[in-house]
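# Examining the three-dimensional arrangement
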Amino acid sequence: MTKEDMFDEMKMQYALLEHIGDKLVGPPEGPFAIYDEEMDKILVFGARPEDVRHSSLTGNTSDALLEAARAFRATFEVDTEQQVTCRIGPHAATAESYPLAALKAITLELRSRNQNG
């Protein structure tokens, strides 16, 4: 199967899912994703396995969150119960890990910025 054939298959699959009414994220030639409400899962479609990568709050995603927190000039504190608090401007968020605390604080900051224009 050639690369062009795989892209044609991806485009056909995309068109079918779009026709069914699924909300798609990504280009028709792939990779793209949908959220399946019945399974409560995100389904990712790619022509090749290397087109799709799982991500969570570990590894590269964790590093990216901490780098983003640094860009927001975040500060971190750890209490006696090993809970991490991340502060960005007037916002503070507490979680079990640095990346999760950063994610929460960044979200609070971005929501505040969006509300304040």
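Going by the structure above, here's the rest.
Starting afresh in each chain, residues are numbered from 1 along the sequence in its written order. Given that the model is predicted, a residue must reach a pLDDT of at least 70 before its local features are reported, and side-chain atom pairs must reach 80 or more before they are shown or counted; all residues, however, enter totals for whole chains, interfaces and linings. Computation of side-chain values covers all heavy atoms of the structure but excludes hydrogens and water.

Stacked, edge-to-face and tilted labels apply to pairs of Phe, Tyr and Trp rings (six-membered ring for Trp) whose centres lie within 6.5 Å, assigned for plane angles under 30 degrees, over 60, and everything in between, in that order. Across all of its chains, the model carries three aromatic pairs by this definition. On the basis of an interplanar angle of 25° and a centroid distance of 5.2 Å, the ring pair of Phe 32 and Phe 45 is categorised as stacked. Placement of the pair is Phe 32 in strand S2 (residues 32-36) and Phe 45 in strand S3 (residues 41-45), with a sequence separation of 13 residues. The pair Phe 32 / Phe 45 is uniform in exposure class, with both members buried. Connected via pairs of aromatic rings, a cluster forms that spans Tyr 14, Phe 32 and Phe 45. Under the DSSP-based scheme used, a helix requires at least four consecutive residues in state H or I and a strand at least two consecutive residues in state E, with every element numbered from the N terminus. Relative accessible area decides the class of each residue, using a 1.4 Å probe on protein chains only: under 20% of the type maximum gives buried, over 50% gives exposed, and in between gives partly exposed.

Looking now at the nonpolar core. The nonpolar core is taken to be a set of buried Ala, Val, Leu, Ile, Met, Phe, Trp, Tyr and Cys residues, with the residues joined through side-chain atoms within 4.5 Å. Of all hydrophobic cores here, the largest spans twelve residues; its members are Ala 69, Ala 74, Val 84, Cys 86, Ile 88, Ala 93, Ala 95, Leu 100, Ala 101, Ala 102, Ala 105 and Ile 106. For this core, the elements supplying multiple residues, two or more each, are strand S5 (84-88), strand S6 (91-95) and helix H3 (98-115). Sorting elements by how many residues they give to this core places H3 first, with five residues. Residues are treated as being in contact if the distance between any of their heavy atoms lies within 4.5 Å. Excluding its chain neighbours within four sequence positions, the residues that come into contact with Ala 101 are Val 84, Cys 86, Ala 93 and Ala 95.

Further remarks concern the environment of Leu 65. The topology assignment puts Leu 65 in helix H2 (residues 60-71). Given the relative accessible area of 13%, Leu 65 is considered buried. For Leu 65 and Ile 106, which are 41 residues apart along the polypeptide, the C-alpha to C-alpha distance reads 8.7 Å.

Only residues above 30% relative accessible area that lack a salt bridge enter a patch, with like-charged residues linked at up to 9 Å and the nonpolar side chains Val, Leu, Ile, Met, Phe, Trp and Tyr linked at up to 5 Å. The Shrake-Rupley method, run with a 1.4 Å probe, gives the accessible areas here. Residue values count only the displayed protein chains as cover. Between Lys or Arg on one side and Asp or Glu on the other, a salt bridge is scored when a side-chain nitrogen of the former is within 4 Å of a carboxyl oxygen of the latter. Together, Tyr 35, Ile 42, Val 44 and Val 52 line one region of the surface with nonpolar side chains, adding up to about 360 Å² of accessible area. Structurally, Val 52 can be placed in the loop between S3 and H2. For Val 52, a relative accessible area of 33% puts it in the partly exposed group.

This part covers the pattern of salt bridges. In total, this model carries five salt bridges according to the counting rule given. Glu 50 is the partner of Arg 48 in a salt bridge, and the nearest nitrogen-oxygen pair spans 3.1 Å. Classification of Arg 48 by relative accessible area gives partly exposed; the value is 27%. Glu 109 is paired through a salt bridge with Arg 113; the nearest N and O atoms lie 2.8 Å apart. On the criterion of helical spacing, the pair formed by Glu 109 and Arg 113 is a turn pair, its members being four residues apart in helix H3. Classification of Glu 109 by relative accessible area gives buried; the value is 11%. Residue classification places Arg 113 among the partly exposed positions, given a relative accessible area of 44%.

A separate point is the sheet that holds S5. Should DSSP find at least two bridges between two strands, the strands are taken to pair. With respect to topology, three strands assemble into an open sheet ordered S4-S5-S6, the strand pairing being antiparallel. A strand with exactly one partner marks an edge of an open sheet, and here the two such strands are strand S4 (75-78) and S6. Averaged over all neighbouring strand pairs, the angle between strand axes comes to 20°, with direction disregarded. Relative to S5, S4 runs antiparallel, the two sharing four bridges. Counted as the bridge partner of Phe 76 is Cys 86 from S5. As a rule, the C-alpha atoms of each element are fitted with a line to give its axis, helices using only the stretch in contact, and angles between N-to-C directions run from 0 to 180 degrees. Strand contacts of H3: S4, S5 and S6, with the helix running at about 150° to S6, the strand carrying the most contacts.

Interpretation note: all reported values are geometric properties and have no functional meaning in isolation.
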